[in-house]
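These are the residues of each chain, in order.
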Amino acid sequence: MKVVLLGPPGAGKGTQAQRLAWEVGVPYVATGDMLRRHVRKGTDLGTRARAYMDRGDLVPDDLIIAMVRRRLEEADCQGGFILDGFPRTPAQAEALAALAPPDVVLYLDVREDEIARRLSGRRTCRECGAVYHLEFDPPAEAGVCDRCGGALDQRVDDREEVVRERVRTYRRQTEPVVDRYRARSLLVEVDGSGTIPEVEARLREALREAGLLT
Ligand code: AMP
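**Q** Mind laying out the sheet that holds strand β2 (residues 28-30), listing which residues take part and the relevant values?
**A** With parallel pairing, the 5 strands of this open sheet are ordered in space as β2-β3-β1-β4-β8. The open sheet terminates on both sides in strands that have one partner only, identified here as β2 and β8 (187-191). The mean angle between the axes of side-by-side strands here comes to 25°, regardless of whether they run parallel or antiparallel. With 5 bridges joining them, strand β4 (residues 104-109) and β8 adopt parallel strand pairing. Its bridge partner lying in β8, Leu106 is registered against Val188. Packing of helix α1 (residues 13-24) onto the sheet brings it into contact with β1 (2-6), β2, β3 (81-84) and β4, and relative to β3 it is tilted by some 175°. Set on the sheet, helix α2 (residues 31-41) makes contact with β2 and β3; between it and β2 the angle comes to about 65°.

**Q** Can you break down the pattern of salt bridges residue by residue, with the values?
**A** One pass over the full model with this rule turns up 27 salt bridges. The residue Arg50 makes a salt bridge to Asp54 at a minimum N-O spacing of 3.3 Å. Within this pair, Arg50 and its partner Asp54 are both found in helix α3 (residues 44-54), separated by 4 residues, close to a single helical turn. Looking at Asp54, the relative accessible area reads 29%, which means it is partly exposed. Taking the shortest distance from any N to any O, the salt bridge between Glu112 and Arg171 comes out at 2.4 Å. Here Glu112 is found in helix α6 (residues 112-120), whereas its partner Arg171 is found in helix α7 (residues 160-183), with 59 residues between them in sequence. It is possible to trace a salt-bridge network through shared partners that takes in Arg122, Arg155, Asp157, Asp158 and Arg166.

**Q** Could you give me a rundown of the sheet that holds strand β7 (residues 152-153), with the residues and numbers involved?
**A** Strand order in this open sheet of 3 strands is β6-β5-β7, and the pairing throughout is antiparallel. Either end of the sheet is taken by a strand with one partner, and the two such strands are β6 (131-133) and β7. Bridge count for strand β5 (residues 122-125) against β7 is 2 bridges, and the pairing is antiparallel. Paired with Cys125 across the bridge in β7 is Leu152. Packed on one face of the sheet, α6 meets β5 and β6 and runs near 45° to β5.

**Q** Give me the lowdown on the side chain of Asp84, citing residues and values where you can.
**A** Tracing the backbone through its elements, the reader meets Asp84 in strand β3. Buried within the structure, Asp84 lacks any salt-bridge partner; its nearest side chain of opposite charge belongs to Lys13, at an N-O separation of 4.9 Å. With near-sequence residues (within four places) excluded, Asp84 lies in contact with Leu5, Lys13, Gly14, Ala17, Tyr28, Val29, Ala30 and Thr31.

**Q** Describe the packing of helix α5 (residues 90-99) against α7, with residues and values.
**A** As a packed pair, α5 and α7 sit with axes 8 Å apart at the nearest point and diverge in direction by 45°. By the angle class used here, α5 and α7 are oblique. Residues Pro90, Ala93, Glu94, Leu96 and Ala97 of α5 form the contact with α7, whose own contacting residues are Gln173, Pro176, Val177, Arg180 and Tyr181. Looking at the contact of α5 with α7 residue by residue, the classes come out as 7 nonpolar, 1 polar and 2 charged.

**Q** Can you break down the site of the ligand residue by residue, with the values?
**A** In the vicinity of the ligand, 16 residues are found, and the nearest of them are Thr31, Asp57, Gly85, Arg88 and Gln92. The contact in question runs from a nitrogen atom of the ligand to an N or O atom on the side chain of Arg88, over 2.9 Å. Taking Arg155, its side chain carries an N or O atom lying 3.1 Å from an oxygen atom of the ligand. Burial of the ligand by the protein chains amounts to 95% of its free accessible area of 480 Å². In terms of residue count, the dominant contributor to the shell around the ligand is α2 (4 residues). Its residues assigned to classes, the shell around the ligand shows 6 nonpolar, 4 polar and 6 charged.

Definitions and cut-offs
Residues numbered from 1 in each chain as written. Predicted model: local features only at pLDDT ≥ 70, side-chain atom pairs only at ≥ 80, totals over all residues. Heavy atoms only, no water. Pairing = 2+ DSSP bridges. Helix = DSSP H or I, 4+ residues; strand = E, 2+ residues; numbered from the N terminus. Axes fitted to C-alpha atoms, helices over the stretch in contact; angles between N-to-C directions. Contact = heavy atoms within 4.5 Å. Salt bridge = Lys/Arg side-chain N within 4 Å of Asp/Glu carboxyl O. Buried < 20%, exposed > 50% of the residue type's maximum accessible area, 1.4 Å probe, protein only. Lys, Arg positive; Asp, Glu negative; His and termini not counted. Parallel < 35°, antiparallel > 145°, perpendicular 65-115°, else oblique. Nonpolar A, V, L, I, M, F, W, Y, C, P; charged D, E, K, R; others polar. Near = heavy atom within 4 Å. Polar contact = N/O pair within 3.5 Å; in protein donor to acceptor, adjacent residues only side chain to side chain. Areas by Shrake-Rupley, 256 points an atom, 1.4 Å probe, with all protein chains shown as cover.

Structure, rendered in structure tokens:
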């Protein structure tokens, strides 16, 4: 199953996509996580991407498309994938259509005041990228990742002023992608409000309705 998860920053894409991918048994491919790994390792791509990421802008299409192409060509993605954070521009959507056209695009819909609440409490593992929330999904021990024992940090781009810029970037560059998939009847809108299990149940139902889950 080739699934794209779209939605504004803070909609819960990462949390939900990781859970679904694990249950369904396809790789979870998150361009934001891939880029943060490049930044941590200090690769050439990481060095070039960092300035854009830290101010809430998009990394240029050519860099992202090349990175995603390499990933989707790997053996484990041949049976499908769940994409989180890609495509974010019309050019990226076109590249994906040529590379591995999605079966369905799930759109997680949340209100703007909810976005701020979710992002301000979000904490991310420095080592493995696992995502927690101080209020809604805290780790067993404060500041420590349940999965790998790594330290939890607030992402630089989850600070309030950068979040505002990320939401503006989303409206300007990614909403046209949402419209494009809607026009092609590939988009399924899912209510992203409520608890993590509630949203997950709605996403599973949407996948069942699309004939991708039994
Ligand atoms: P995310 O973890 O998905 O919120 O992504 C964090 C940051 O990485 C974004 O604010 C962008 O700067 C960059 N990024 C992630 N995915 C993409 C993409 N598909 N196109 C351009 N920039 C991206």
